[in-house]
Amino acid sequence: MASAPSPPRDLSSSPSSCGFARPPPILLGRRVPLAAANPPSPSTSLRALSAKWIDLLDPSSYPPSSSSTSIPLPGRISPPRSGASSFSLPGGGGDGGGGASGEGGAFAFGGYAELPSSGADVPPERFVVDDLWRFVPYDEERGGDGGGAKWGWTEVSKKGDCVPGPRLAAAAAVLPATDGDDASSKAEAVLVGGWDPQTPGTGGVILDDVSSFDAESGEWSRGGEAVPGGPTSRHVAVPLTLKGDGEGGGGARGVICVHNHRCDDHVLLLSSRSDGLKWERRPVSGDVPSSRGLHCAAPLDREDGTSVGMVVFGGAAQSGTMSNEAFVLDAETWEWTKLDCGDDGGGDGTPAPRAGACLCPLDESTVVLFGGATPGGGGLIGLDDVWALRVDAKNGRGRWERLAGGGDDEAEDDAARPPGRNAANLIPLDAGTLPRGVVGGDASKSSSYFLLQGGWYPFRKTYDDAFLLRVDSE
């Protein structure tokens, strides 16, 4: 592993690192020697699922049928960053300015930005940011002739009476809109907690605030009560649509489920009420995940929009020990089940233990995992593998399938794929937001698209590339 410059911020004196006496170094900029381990070399058996990366900055990686020369390159987030928080709002169109009606799509907020080194012996400058970016959809009418129509990441102007301050390692999710909500049927993006490093050497501050973003007005507002139990970072926030209104009635109720290192017998539910956003401490039972941070999570939703539950994977304990365990939380009984995936040691058939990975829903029983960092070579290895986890929640079983990366497959050597990384975002995208020439695909297959944003290979590089993951199911 290449040597790394001294980090600009030292957290060793931080007394409140979200429950970690010595925070795992995934996002924190500290070099901590870790036990050596090899990255995984899983099987390439794909069966019903397959995956392909498309480099949006390299038209040669577009599908062969595309007219790549007529598609302008997308905008990128600048400066490069890791540890940002992302969310996706329904709708699209507009000019990306943050004020037009109906501006939905993918968003990314904050993170740890990095400017390149100015010399061989000068470390890169790293600093926390508070900017918001939106992935503007491609307009075929304006951009199809190569006229330079703007699409991709565009910065959104800051508006509102409570714009969130700089932070990384926060969590964001969109509160599902349902007829049972007291306040509104409009989807609402919520940002929860995080960490502001502040002055170098101080350890900074862990945050407990909640902020709400309205895409129609482009404005931020205070999201109500602080996080119960105290400040939190390196946590997860997942949107769930629950059956029933929460008071014994029918219908459905949208909540954001937050899980952090304190959730040993409960999870935190945030929902919209007539008097604002309100927290609920929901007791849980079963095989409760051990205390951890830097884990990843995703919902499992039925075709009717209601949620089966929430999948949690990986993460790091207070000691820094990483996990490759997978759990599912039932959204009706609130019982945790540790999935039997066949091999907890990160063998050929399962992902290696890791922290700072990405997890996205694919369908009612499947989630997609990308990247993260795992111990190896006296430090940390940034991972580039893509996995699908098939969840049989009823029987407590899971089955992993490696879809791309992470092995010695010669067929992948020349394929476009992102370098290994952690602290990135993998954001579901509607195919309608992308140029038709990029989407391509086989009409006999159902395709899902995920946009990779940012991340870093520990102590080597922070990324501002633009990769799109296409997952096909037959």
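Anyway, here's the lowdown on the structure attached to this text.

What counts as what
Residues numbered from 1 in each chain as written. Predicted model: local features only at pLDDT ≥ 70, side-chain atom pairs only at ≥ 80, totals over all residues. Heavy atoms only, no water. Buried < 20%, exposed > 50% of the residue type's maximum accessible area, 1.4 Å probe, protein only. Helix = DSSP H or I, 4+ residues; strand = E, 2+ residues; numbered from the N terminus. Pairing = 2+ DSSP bridges. Core = buried A, V, L, I, M, F, W, Y, C linked by side-chain atoms within 4.5 Å. Contact = heavy atoms within 4.5 Å. Salt bridge = Lys/Arg side-chain N within 4 Å of Asp/Glu carboxyl O. Axes fitted to C-alpha atoms, helices over the stretch in contact; angles between N-to-C directions. Phe/Tyr/Trp six-rings, centres within 6.5 Å; stacked < 30°, edge-to-face > 60°. Lys NZ or Arg CZ within 6 Å of the ring centre and 35° of its normal.

### A short note on the pairing of strand S26 (residues 425-429)
Across the five residues of S26, four count as buried, placing the element largely inside the fold. Where S26 lies against strand S27 (residues 446-453), five bridges are found, and the strand directions are antiparallel. Looking at the pairing, Leu429 lines up with Tyr449 of S27.

### Structural notes on the nonpolar core
Core analysis: the biggest nonpolar cluster contains 21 residues, and Leu56, Phe135, Trp153, Leu429, Leu434 and Leu468 have the highest contact counts within it. Put simply, the parts of the chain that give this core at least two residues each are strand S4 (105-115), strand S5 (125-136), S26, helix H2 (436-439) and S27. Once residues lying within four places of it in the same chain are set aside, the contact partners of Leu56 are Tyr62, Leu73, Pro74, Phe135, Trp151, Val438, Leu451, Ala466 and Leu468. Grouped together as the second largest cluster of nonpolar side chains are 19 residues, Leu49, Ala51, Trp53 and Val471 included.

### Overview of unusual backbone geometry
In this structure, the amide linkage connecting Ser78 to the following residue, Pro79, adopts the cis form with an omega of -5°. Structurally, the position occupied by Pro79 is in the loop between strand S1 (49-55) and strand S2 (81-82). Phi angles above zero are rare outside glycine, and Arg234 is one such case at about 60°. Along the polypeptide, Arg234 turns up in the loop between strand S10 (219-222) and strand S11 (236-243).

### Here's the deal with the pairing of strand S12 (residues 252-259)
Consecutive side chains along a regular strand alternate between the two faces of the sheet. For S12, the buried fraction is high: eight of the eight residues fall into the buried class. Covered by surrounding structure in S12 are Ala252, Gly254, Ile256 and Val258 together with Arg253, Val255, Cys257 and His259, the residues of both alternating faces. Inspection of the sheet shows S11 paired to S12 by eight bridges, in the antiparallel sense. Note that in S12 the partner of Val238 across the bridge is Cys257.

### Quick word on the environment of Ala215
With respect to the helices and strands, Ala215 occurs in the loop between strand S9 (205-214) and S10. Considered as a pair, Ala215 and Glu188 are 27 residues apart in the sequence and their alpha carbons are 8.0 Å apart.

### Things to note about the pattern of salt bridges
One pass over the structure, following the stated rule, counts 22 salt bridges. The closest approach of N and O atoms between Lys278 and Glu225, which form a salt bridge, is 3.6 Å. With Lys278 in strand S14 (residues 276-283) and Glu225 in the loop between S10 and S11, this residue pair connects regions lying 53 residues apart in the sequence. Classification of Glu225 as partly exposed rests on a relative accessible area of 36%. Among the ionic pairs, Lys338 bridges to Glu325, the shortest N-O distance being 3.1 Å. Taken as a pair, Lys338 in strand S19 (residues 335-338) and Glu325 in the loop between strand S17 (307-313) and strand S18 (326-330) lie far apart in primary sequence, 13 residues in all. Overall, Lys338 belongs to the partly exposed group, its relative accessible area being 29%. It is possible to trace a salt-bridge network through shared partners that takes in Arg167, Asp209 and Arg222.

### Let's talk about the sheet that holds strand S21 (residues 366-370)
What the four strands build is an open sheet, ordered S20-S21-S24-S25; its pairing is antiparallel. Looking at which strands have only one partner, the edges of the open sheet turn out to be strand S20 (358-363) and strand S25 (397-404). On average, each strand axis in the sheet is inclined to that of its neighbour by 25°, with strand direction left out of account. In the sheet, S21 pairs with strand S24 (residues 386-392) via five bridges, with the strands oriented antiparallel. Following the sheet pairing, Val367 is matched in S24 by Leu389.

### Re the side chain of Ser211
For Ser211, the location among the structural elements is in strand S9. According to the relative accessible area criterion, Ser211 is buried, its value standing at 1%. Setting aside residues up to four positions removed in sequence, Ser211 forms contacts with Cys162, Pro164, Ala189, Val190, Leu191, Trp220, Ser221 and Gly223.

### Focus: the sheet that holds S10
The antiparallel open sheet is built from four strands, whose spatial order is S7-S8-S9-S10. The open sheet has two edge strands, strand S7 (171-175) and S10, and neither has a second partner. Neighbouring strand axes in the sheet, compared pairwise and without regard to direction, differ in orientation by 30° on average. With four bridges joining them, S9 and S10 adopt antiparallel strand pairing. By the bridge assignment, Phe213 is partnered in S10 with Trp220.

### Overview of the packing of aromatic side chains
Counted under the stated rule, the structure contains 15 aromatic pairs. Seen in terms of ring centroids, Trp53 and Phe467 are 6.2 Å apart; in terms of plane orientation they differ by 90°. Their pairing is edge-to-face. Here the residue Trp53 occupies a position in strand S1, and Phe467 occupies one in strand S30 (residues 467-473), the gap between them amounting to 414 residues. Using a relative accessible area of 4% as the deciding quantity, one classes Trp53 as buried. Just above the ring of Trp195 sits the side chain of Arg234; from NZ or CZ to the centre is 5.5 Å. Here Arg421 stacks its cationic end above the ring of Tyr463, 4.1 Å away from the centre of that ring.

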